[in-house]
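Chains, contacts and geometry: an overview
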There are 4 protein chains.
Amino acid sequence: MKRIGLLTSGGDCQSLNATMRGVAKSLYEAYGSDEIEIYGVLEGYKGLIYGNYEQMKPKDFSGILTEGGTIIGTSRQPFKYMRTPDENGLDKVKAMKDNYKKMKLDCLVILGGNGTHKTANLLKEEGLNVVTLPKTIDNDIWGTDITFGFQSAVNIATDAIDCIHTTAASHRRVFIVEVMGHKVGWLTLHAGIAGGADVILIPEIPYNIDSVVAAIEKRTAEGKKFSILAVAEGAISVEDAALSKKERKTKYKNSPYPSISYKIGKEIEEKTGQEIRITVPGHTQRGGGPCPFDRVISTRLGAAAAELIKKEQYGYMVGFRDGEIIPVPLEEVAGKLKMVDPNASIIKEAKSIGINFGD
Amino acid sequence: MKRIGLLTSGGDCQSLNATMRGVAKSLYEAYGSDEIEIYGVLEGYKGLIYGNYEQMKPKDFSGILTEGGTIIGTSRQPFKYMRTPDENGLDKVKAMKDNYKKMKLDCLVILGGNGTHKTANLLKEEGLNVVTLPKTIDNDIWGTDITFGFQSAVNIATDAIDCIHTTAASHRRVFIVEVMGHKVGWLTLHAGIAGGADVILIPEIPYNIDSVVAAIEKRTAEGKKFSILAVAEGAISVEDAALSKKERKTKYKNSPYPSISYKIGKEIEEKTGQEIRITVPGHTQRGGGPCPFDRVISTRLGAAAAELIKKEQYGYMVGFRDGEIIPVPLEEVAGKLKMVDPNASIIKEAKSIGINFGD
Amino acid sequence: MKRIGLLTSGGDCQSLNATMRGVAKSLYEAYGSDEIEIYGVLEGYKGLIYGNYEQMKPKDFSGILTEGGTIIGTSRQPFKYMRTPDENGLDKVKAMKDNYKKMKLDCLVILGGNGTHKTANLLKEEGLNVVTLPKTIDNDIWGTDITFGFQSAVNIATDAIDCIHTTAASHRRVFIVEVMGHKVGWLTLHAGIAGGADVILIPEIPYNIDSVVAAIEKRTAEGKKFSILAVAEGAISVEDAALSKKERKTKYKNSPYPSISYKIGKEIEEKTGQEIRITVPGHTQRGGGPCPFDRVISTRLGAAAAELIKKEQYGYMVGFRDGEIIPVPLEEVAGKLKMVDPNASIIKEAKSIGINFGD
Amino acid sequence: MKRIGLLTSGGDCQSLNATMRGVAKSLYEAYGSDEIEIYGVLEGYKGLIYGNYEQMKPKDFSGILTEGGTIIGTSRQPFKYMRTPDENGLDKVKAMKDNYKKMKLDCLVILGGNGTHKTANLLKEEGLNVVTLPKTIDNDIWGTDITFGFQSAVNIATDAIDCIHTTAASHRRVFIVEVMGHKVGWLTLHAGIAGGADVILIPEIPYNIDSVVAAIEKRTAEGKKFSILAVAEGAISVEDAALSKKERKTKYKNSPYPSISYKIGKEIEEKTGQEIRITVPGHTQRGGGPCPFDRVISTRLGAAAAELIKKEQYGYMVGFRDGEIIPVPLEEVAGKLKMVDPNASIIKEAKSIGINFGD
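Residues numbered from 1 in each chain as written. Chains lettered and ligands numbered in written order. Predicted model: local features only at pLDDT ≥ 70, side-chain atom pairs only at ≥ 80, totals over all residues. Heavy atoms only, no water.

Under an unreviewed UniProt entry, the name given to chain A is ATP-dependent 6-phosphofructokinase, and the organism recorded is Anaerosporobacter mobilis DSM 15930. Of chain A, the UniProt comment under Catalytic activity (unreviewed entry) reads exactly: "beta-D-fructose 6-phosphate + ATP = beta-D-fructose 1,6-bisphosphate + ADP + H(+)". (UniProt positions renumbered as here; feature names shortened; annotations may be inferred.)

And the structure:
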């Protein structure tokens, strides 16, 4: 009898259920539903720490391929506090190991993003059998070309830009669509290109507001009535990029701007005299069901994770590289961030069609 | 030879082009494209004031049934300044009449919302032949059950709530989705019911924050992990509703809240201790192409407007009442607002399934 | 203690679950979940005949607002065989009455279309308490302006026409999209107008193929490269409409055409020499989740059905008329068909913009 | 002054306009709109043969990123007749070369699929400067991992399966969705996995009907009420695969089945006694606008084609391999087909979750 745990951690995203379905279906097929038991650890690492879990049945994985969210819940448990006891003095790492043993697991399958992978690697170091799966709308996990959730989020952010396009084309205005992504710009970059944005600002390429303004005024001069900017939450000006994190914190302590888009919008308004409108699709970008692309990716990754379990090959994240599924050692993944390379081919292509990146 | 003008005014919305296509196709069919000339007045009343217009051809109306925005542009020209000369001393009303004459129009077809209808009625009083069409995502035009744009906006706002649903169900949180509507709650009401919101707050029913909090805590007590609130931009508390407009302005002069949702969110957070997330789909609600429902409505209304022109029956808005298209005299429409009746059947039905309206 | 049954019958459609949720939520709110028991009769009247049902819980109705299909299953049980014993000699009507009694129901809520309503009326005549709800993508139920499922199906059929539009515009071709509807043309009519079809053929208006050909050739003469026909499954030529049902059956016994569209396509090909393509979206038109419009309608109708139960007002279908919800006596509904009136305002408007109906 | 031609050939698909926009925007940016002239060759190779083309302007490429179809039209001109004179004795190849010269082109950019690439290679061999772009919903072009149109078609086919899912789950039935693809199964494979199909039949893996029937009966035995089959147009039985093309033609000369799905459906019906429903989304799979994934791919490929033109590097198709854009010599592409490898990782993963491929 095999006993496998499933755990989803961090912000939710669109294809978590599809991925777990892939893992479970593949395991049930391989072992038969009598020879394998699957446990859902509830609400992320919190469930592992406090021993909240429940046994799942084959039917729990039926009909969830297209469902958003996660049927076992999730929570954010920052890695940096994992070694800190909780408010009742509980040693969290020890508690996780104890519960793993109590559940008599052969392996714990963990679906999550960057923070999640640091804790997963910690569990590996502590001797637990783990296999992980790259979940994030941000596409910023090291070691894999693709993460599930990303394409679904691109679709939603692009939808927002599409909607704004028609309204922008009817009025004379500059529109900013603020796309999720505090540290990396993949989502903004792809949604920006897909949505036909005129300006794309991402954390990896600090912007010069004068460059942005010049791009807008060039469009106005060409008779175009509107401009659309796709701005990542983490977009940063050249000036701010030169500051230390602490200096930036001080500088923006009493900022009147709810987010970077409002600051950029204000500056453009002052420099061009044009009306600005800002749209923030926000959490909708993590929501709804997975797109077909993600469903295929998730099914494949889930099945590949099950394959590792069958081979008792633990301690890996299942990733995609150059179109092939590969296991990546967890220690290579943990603590790294896959960022957009400002010199990447996609950036050059985007620039070649006239998209401004503020540089 | 007939000469007809088209003018779209106010905030853009989804089915303006479909409506103009209906008008134009019906006129071209009736008169033949040699016996009728259609002029597009550019960017709303501004185009009429300053004489910006262009002749349109049958092919301009091909392929626009599904396109969002307006091919002739729009702008907001507040009614209350229509009698005020512009910065160069130009008498706007006289200018509009002069341009109407210069264009030798038999009739001007005006697509717009409440403000637009006031000015349209003014033009009627000044002796111009006008026919109007009820455009607004707010569904607040007096004299018609349906306005085009409304259902498309309901779809987008509902999509946002649907997306939030999956993310809310994965975390333990209270989510607020802020829906467009400063004065009326139709859009919030319909999107809220369609999206399965637990609480719906609209301007027509001032809310008591304790009632809202009680509804959320009832859900928590029943073991439900999340609650979703659909809140209209113009939602108002019982206390604020008791103030005069001036008093409210003073009270909120230095408000730290970008919008009402943030205020409500803060209060709920303080009273329940639950995490709050706020999503504002914003201008996306006016954007994108029209849904099939709106396309049918628009085609019908457009054809009916053409019918009035054929009969030289001017001075009416074309509306829907009880499933039938009817002409409504402009003076009956102008200056009135169609609000949600707090005792309407739809409110009772929503309450009967447990939706809280804050009252 | 109240005991209520739910039963969905006939072809499935998009908003069945949303409607049942409306009924159940309203009943649970009114009585408390301890004072009411709701039973799902499985797979339509078959479940009532053979005693297959199960008790449902409040959580069964959670999260189903947006789900297509029916959680309690459905089947087609033709009315005309209801009085005929089954293959084992079982008296079906008696069996239904016996099971109703065995379940100790206060009322059975039946969701279905035309056939379903005939049997529902039979049950009423046999003394059972029934309340019904108008389910059909065909919109052909007598006594109500709106049926749930219809608008969702319009959306899918329109999507199909939209898709065909881009492909038709790229090639030089005539495209036929065959829309569901054997007896009535509501779905074809609305999807056809919404999709910008050039020709719409519905059962209520027998077509003359020469009229259709002339419409296509007029477009070709005007330089338009393609034509799109929205054809109802039950479209019928003037010649065939003159035949008796039996004569038609004989005439088409060995027909090489899978459906009417193929016959029409062949004739157009022969008469115009243009290439024809036929698309049949088929069962997709009943599938997927309900659109926001249907979700609102369903929630309202469901709540209104619960209201009748609270008042013990049995024997009615809950319908919409002129924007208001009204109870309609079952005997007025059963056996009638709400067809498109060839002289209706919507037909005139469609014709006025140049749509050909083959007449 | 540079002079560039654009030509779209073969069946239309979703991202042709987005790709041409990428080419054009990149060229206009690089040369300025005064130093480059772009000509649209109308309706595929037909336009090149008969000299139908028109000069395009920068604004022609505005707003087409999201539009389906092709603004310059397309047609199918089979390669095998290219060396055959037309009905008036015209030498087509010579005519194409003459028109190329007459247009004074520096390069002709050709967007098309497999047949198109054979003719493009012929033009290259005849000394013309050509650059090609891989267009097809079939994803079967040799030399590139990705073709534009494919993902958009996957989305539509998956939507169809999703819709069928809800209706299948409500009734007790076996549903077949017939997906485009006469020679290759990529589209069926991806849509089948994404849609949660239970059986996937593709041309590359001849099926054994008994294997399919066993898969369906296994599901029935497990208490599942329905099964969904995704069947490629070109699915083929083991028996038929053993026949020569000529033998197959003879065998099916008088076949009563409109397509393979009907044959398969009939066999399943006879062997299982279950009700079968067949849905054929057909041409809708090529229609509608491109999905965000395709828009990004198309923009990148278009910009890369422009880059080759800038470098005067002719005779290549622009493809994607392992995430990077690469030029592939036309002679390597022409005449080959990229098929699904029955032993590919994706097939193994699909099988591991229990999907039956009929083998």
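After presenting the structure, the write-up continues.
In this section: the relation of the copies chain A and chain B. Overlaying chain A with chain B gives an RMSD of 0.0 Å, the required rotation being 180° about an axis along which the chain moves by 0.0 Å. Such values leave the two copies arranged in the relation of a two-fold axis. No C-alpha of chain A approaches the rotation axis more nearly than that of proline 281 of chain A, which lies at 2.7 Å. (Least-squares fit on C-alpha atoms with pLDDT ≥ 70 in both.)

Quick look at empty space enclosed by the protein now. Over the atoms, a rolled probe matching the size of one water molecule traces out where space is still vacant. The full count for this structure, using the stated rule, is 2 cavities of 30 Å³ or more. Counted as a void, the largest cavity has a volume near 50 Å³. Lining the largest cavity, in full, are Gln151, Asn155, Cys291, Pro292 and Phe293 of chain A together with Gln151, Asn155, Cys291, Pro292 and Phe293 of chain D. Of all elements in the fold, only helix H5 (150-170) and helix H11 (292-310) of chain A together with helix H5 (150-170) and helix H11 (292-310) of chain D reach the threshold of two or more residues within the lining of the largest cavity. (1 Å grid on protein atoms, 1.4 Å probe; cavity = no way out; pocket = protein on both sides within 12 Å on 5 of 7 lines; lining within 4 Å. Points joined across faces, edges and corners; volume = space filled by probe spheres on them. Helix = DSSP H or I, 4+ residues; strand = E, 2+ residues; numbered from the N terminus.)

Let's shift gears to the nonpolar core. Within the largest apolar cluster, 140 residues are counted, with the highest numbers of intra-cluster contacts made by Phe61, Leu133 and Val318 of chain B together with Phe61, Leu133 and Val318 of chain C. Ignoring anything within four residues of it in the chain, the contact list for leucine 133 of chain C reads Thr19, Val23, Val109, Ile110, Leu111, Gly112, His117, Phe148, Leu301, Gly302, Ala305 and Val318 of chain C. Leu187 and Ala230 of chain A together with Val131 and Leu301 of chain D belong to the second largest nonpolar core, which has 139 residues in total. (Core = buried A, V, L, I, M, F, W, Y, C linked by side-chain atoms within 4.5 Å. Buried < 20%, exposed > 50% of the residue type's maximum accessible area, 1.4 Å probe, protein only. Contact = heavy atoms within 4.5 Å.)

Between chain A and chain D, the residue contacts involve 35 residues of the former and 35 residues of the latter. Roughly 3000 Å² is buried in total at the junction of chain A and chain D, and carbon and sulfur atoms are behind 58% of that figure. Connecting chain A to chain D are 6 salt bridges. Across the salt bridge formed by arginine 295 of chain D and aspartate 162 of chain A, the nearest N and O atoms sit 2.8 Å from each other. For the pair chain A and chain D, the interface holds 10 residue pairs in polar contact (both at pLDDT 80 or more). Among the secondary structure elements, those contributing two or more residues to the side of chain A that touches chain D are helix H1 (16-31), H5, helix H6 (186-194), H11, strand E12 (324-329) and helix H13 (345-352) of chain A. Among the elements that make up the side of chain A that touches chain D, the one with the highest residue count is H11 of chain A (8 residues). Grouping the constituent residues of the side of chain A that touches chain D by class yields 11 nonpolar, 13 polar and 11 charged. (Buried area = accessible area lost by both parts, 1.4 Å probe. Salt bridge = Lys/Arg side-chain N within 4 Å of Asp/Glu carboxyl O. Polar contact = N/O pair within 3.5 Å; in protein donor to acceptor, adjacent residues only side chain to side chain. Nonpolar A, V, L, I, M, F, W, Y, C, P; charged D, E, K, R; others polar.)

What follows covers the UniProt feature "active site" (unreviewed entry) in chain A. With numbering matched to this structure, UniProt assigns "active site" (unreviewed entry) to Asp138 of chain A. Each residue touching aspartate 138 of chain A, except ones within four places of it in the same chain, is listed here: Phe150, Gly181, Val184 and Trp186 of chain A.

Our focus in this paragraph is the relation of the copies chain A and chain D. You can overlay chain A on chain D at an RMSD of 0.0 Å; the transform is a turn of 180° with a shift of 0.0 Å along its axis. Most of the interface of chain A is mirrored in chain D, where 100% of its interface residues are also at the interface.

What follows concerns the interface of chain A and chain B. Tallying the contact residues gives 33 residues for chain A and 33 residues for chain B. For the pairing of chain A and chain B, the buried interface totals around 2300 Å² over both sides, and the portion due to carbon and sulfur atoms is 53%. For the interface between chain A and chain B, the tally reads 4 salt bridges. At the boundary of chain A with chain B, the tally comes to 12 residue pairs in polar contact (both at pLDDT 80 or more). The set of elements that each furnish at least two residues to the side of chain A that touches chain B consists of H5 and strand E10 (276-279) of chain A. Ranked by residue count, the leading element in the side of chain A that touches chain B is H5 of chain A, at 8 residues. By residue class, the composition of the side of chain A that touches chain B is 7 nonpolar, 17 polar and 9 charged.

Attention shifts here to the pattern of salt bridges. In total, this model carries 92 salt bridges over all chains according to the counting rule given. For the salt bridge of glutamate 275 of chain C with arginine 277 of chain C, the shortest nitrogen-to-oxygen distance reads 2.9 Å. Glutamate 275 of chain C gets classed as partly exposed once you look at its relative accessible area, which sits at 40%. For arginine 277 of chain C, a relative accessible area of 21% puts it in the partly exposed group. What you see here is one network of salt bridges that share partners, running through Glu29 of chain A together with Lys218, Glu222 and Lys224 of chain D.

Residue and element names in this part refer to chain D. On the basis of which strands lie adjacent, the open sheet formed by 4 strands has the order E8-E9-E7-E10 and parallel pairing. Of all strands in the sheet, those with a lone pairing partner are strand E8 (199-201) and strand E10 (276-279), marking the two edges. The sheet shows a mean angle of 20° between the axes of neighbouring strands, taken without regard to direction. In this sheet, E10 lies alongside strand E7 (residues 174-179) in parallel orientation, the contact comprising 4 bridges. Across the sheet, residue valine 174 finds its bridge partner in E10, namely isoleucine 276. Its contacts with the sheet place helix H6 (residues 186-194) against E7, E8 and strand E9 (227-232), and it is angled at close to 175° to E8. Along the sheet, helix H7 (residues 209-221) makes contact with E7, E8 and E9, crossing E9 at roughly 155°. (Pairing = 2+ DSSP bridges. Axes fitted to C-alpha atoms, helices over the stretch in contact; angles between N-to-C directions.)

What follows is about the domain arrangement of chain A. Residue and element names in this part refer to chain A. Under the domain assignment, chain A is made up of domain 1 (2-149 + 290-333) and domain 2 (153-286). With centres defined by C-alpha atoms, the gap from domain 1 to domain 2 works out at 34 Å. Opposite the 11 residues of domain 1 that make contact, domain 2 presents 10 residues. Roughly 870 Å² is buried in total at the junction of domain 1 and domain 2, and carbon and sulfur atoms are behind 46% of that figure. Contact with domain 2 buries surface across domain 1, with Gln14, Ile137 and Asp138 losing the most and accounting together for 52% of the total. Summed over the shared surface of domain 1 and domain 2, the number is 4 residue pairs in polar contact (both at pLDDT 80 or more). Its residues assigned to classes, the side of domain 1 that touches domain 2 comprises 3 nonpolar, 4 polar and 4 charged. (Domains from an automatic or database assignment.)

Enumeration over the complete set of coordinates arrives at 10 aromatic pairs over all chains. The ring of tryptophan 186 of chain A has lysine 338 of chain A sitting right over it, with the charged end atom 5.5 Å from the ring centre. (Phe/Tyr/Trp six-rings, centres within 6.5 Å; stacked < 30°, edge-to-face > 60°. Lys NZ or Arg CZ within 6 Å of the ring centre and 35° of its normal.)

Right, let's get into the confidence of the model for chain A. When pLDDT is averaged along chain A, the result is 96, and 100% of the positions lie at 70 or above. Taken over the whole predicted complex, pTM reads 0.96, whereas the ipTM for its chain interfaces reads 0.96. (pLDDT = per-residue confidence, 0-100.)

All names here are of chain C. The buried fraction of strand E2 (residues 36-41) amounts to 6 of the 6 residues, a majority that puts the element mostly inside the structure. By the alternation rule, side chains of E2 split into Ile36, Ile38 and Gly40 and Glu37, Tyr39 and Val41, which are all buried. The sheet contact formed by E2 and strand E3 (residues 53-56) spans 4 bridges and is antiparallel. The residue of E3 that forms the bridge with tyrosine 39 is glutamine 55.

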